[in-house]
Structure formats: structure tokens, C-alpha cells
Amino acid sequence: MPLASRIGIDTAGGGLLLPAGQQTFCRVAGLPWATAGVQVADHGSGSHNAAVVATGSSVVRIGGLPAVVAGIPASCGHVTTGSGHVEAAL
């Protein structure tokens, strides 16, 4: 199972997952667990500006939104990283 993607530490293509608009109550090692809709910091040009992770786990939900785990593609084509010790089903 893939590792949880955390706001402020995990990335998609080098761009950090950003906290704007994300939930804050479900945390992994003190950092918020990213959910579908998380924005990715700009990390290039074209589709790499304003990228988002639109999907997540089909099993694990946080506040009704799919939880993001390692390997989920962002709109720019890069996949998310995961860290910590929490694994979740896709």
C-alpha cells in the first residue's frame, strides 16, 4: 500500500503540496494529510503552473474527500510522493 501524502513535505514533480483550502484535522506525524483538490506549488512552465491533484484513494476519505497517497498523478502528469509510516489503500 502507498504512503500518505502530507501537506508541506510531499511533492508532485518537485512542487510541494500546498495547504490552501486543505483540511487540517487529520494529521500524519503532525502534518495535514492531503486530500483530492490539493494544489501543487509551481515547478516549471505550462501545465506545471497551477497543477492540482484531483483524485485520491477510492477507499480512504477525509472529510468526505479522497485521501492523497504516493503515486497519484497531478494535472501536470507528475505523481505525488508519500512519507511517514501511514499507508492507505488506493
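Positions within a chain are numbered from 1, following the residues in the order the chain's sequence is written. Only residues with pLDDT of at least 70 get local features here, since the model is predicted, and only at 80 or more are side-chain atom pairs given and counted; chain-wide, interface and lining totals rely on the full set of residues. Hydrogens and waters are ignored; side-chain quantities use all the structure's heavy atoms.

**Q** Would you take a moment to explain the environment of Thr24 for this structure?
**A** Strands here are runs of E lasting at least two residues and helices are runs of H or I lasting at least four, both read from the DSSP assignment and numbered beginning at the N terminus. Mapped onto the fold, Thr24 is located in the loop between strand E2 (15-16) and strand E3 (27-28). As a C-alpha pair, Thr24 and Ile62 span 38 residues in sequence and 10.0 Å in three-dimensional space.

**Q** Honestly, the environment of Thr11 in this entry has me stumped. Any pointers?
**A** Tracing the sequence through the fold places Thr11 in strand E1 (residues 11-12). Any residue under 20% of the maximum accessible area for its type is buried, any over 50% is exposed, and the rest in between are partly exposed; the area is computed with a 1.4 Å probe on protein chains only. For Thr11, a relative accessible area of 17% corresponds to the buried category. On a C-alpha basis, the gap between Thr11 and Asn49 in space is 14 Å, while along the polypeptide they are 38 residues apart. If sequence neighbours within four positions are ignored, Thr11 has contacts with Leu16, Leu17, Val79, Thr80 and Thr81. Any pair of residues with heavy atoms lying within 4.5 Å of one another is described as a contacting pair.

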